[in-house]
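Observations on chain architecture
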Amino acid sequence: MTTITIATFKGPESHQLTAREILMFQTELRRVRGGWFNRWLARLLAPRVRQHLTAPDCLIRVEENGQVQEWELHGGYVLREKGHVEVYTFYLGYLMLRWLYGPNP
């Protein structure tokens, strides 16, 4: 069973994704990350310098089979897994912020 929670760094707001929203998140994440070879190649070629990102908008916590992954969403469209250097253009991020803050953030 997969549980995904979005939480903001600025206040107490949080949102637990429904089954439909989880499917949308997993589909978009698979699309941007690619297959195992693309992930391996991205890690191999990733710059080893510190990237200048904006402050994260929210934290996405994925719990699956007892394992926890945490992702940070920067600027609404940039997704980065905590502890990794790769960043992904994540278009679902804007919609996830709408789920978190409601229709008028």
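Now for a quick tour of the structure.

Thresholds applied
Residues numbered from 1 in each chain as written. Predicted model: local features only at pLDDT ≥ 70, side-chain atom pairs only at ≥ 80, totals over all residues. Heavy atoms only, no water. 1 Å grid on protein atoms, 1.4 Å probe; cavity = no way out; pocket = protein on both sides within 12 Å on 5 of 7 lines; lining within 4 Å. Points joined across faces, edges and corners; volume = space filled by probe spheres on them. Helix = DSSP H or I, 4+ residues; strand = E, 2+ residues; numbered from the N terminus. Nonpolar A, V, L, I, M, F, W, Y, C, P; charged D, E, K, R; others polar. Buried < 20%, exposed > 50% of the residue type's maximum accessible area, 1.4 Å probe, protein only. Lys, Arg positive; Asp, Glu negative; His and termini not counted. Salt bridge = Lys/Arg side-chain N within 4 Å of Asp/Glu carboxyl O. Contact = heavy atoms within 4.5 Å. Core = buried A, V, L, I, M, F, W, Y, C linked by side-chain atoms within 4.5 Å.

1. Thoughts on the layout of surface pockets
Gaps left between atoms are located by rolling a probe of water-molecule size over the structure's atoms. Estimated volume of the largest pocket: approximately 270 Å³. As for the largest pocket, its lining consists of Phe25, Gln26, Leu29, Arg30, Arg33, Arg39, Val62, Glu64, Asn65, Gln67, Gln69 and Trp71. Among the secondary structure elements, those contributing two or more residues to the lining of the largest pocket are helix H1 (19–33), strand S3 (56–64) and strand S4 (67–74). For the lining of the largest pocket, the leading source of residues is H1, giving 5 residues. Residue composition of the lining of the largest pocket, by class: 4 nonpolar, 4 polar and 4 charged.

2. Regarding the side chain of Arg33
Secondary-structure assignment places Arg33 in helix H1. Within the buried core, Arg33 has no salt-bridge partner, and the shortest N-O distance to an opposite charge, that of Glu81, equals 4.3 Å. Every residue in contact with Arg33, bar those within four places of it in the chain, is listed here: Asn38, Arg39, Arg43, Trp71, Glu81 and Tyr88.

3. A closer look at the nonpolar core
In terms of nonpolar packing, the biggest core is built from 20 residues, with Leu17, Phe25, Ile60, Phe90 and Met96 touching the most fellow members. Every element with two or more residues in this core is listed here: strand S1 (2–8), H1, S3, S4 and helix H3 (92–101). It is H3 that contributes the most residues to this core, 5 residues altogether. Each residue touching Phe90, except ones within four places of it in the same chain, is listed here: Phe25, Glu28, Leu29, Val32, Leu73, Gly76, Tyr77, Leu79 and Met96.

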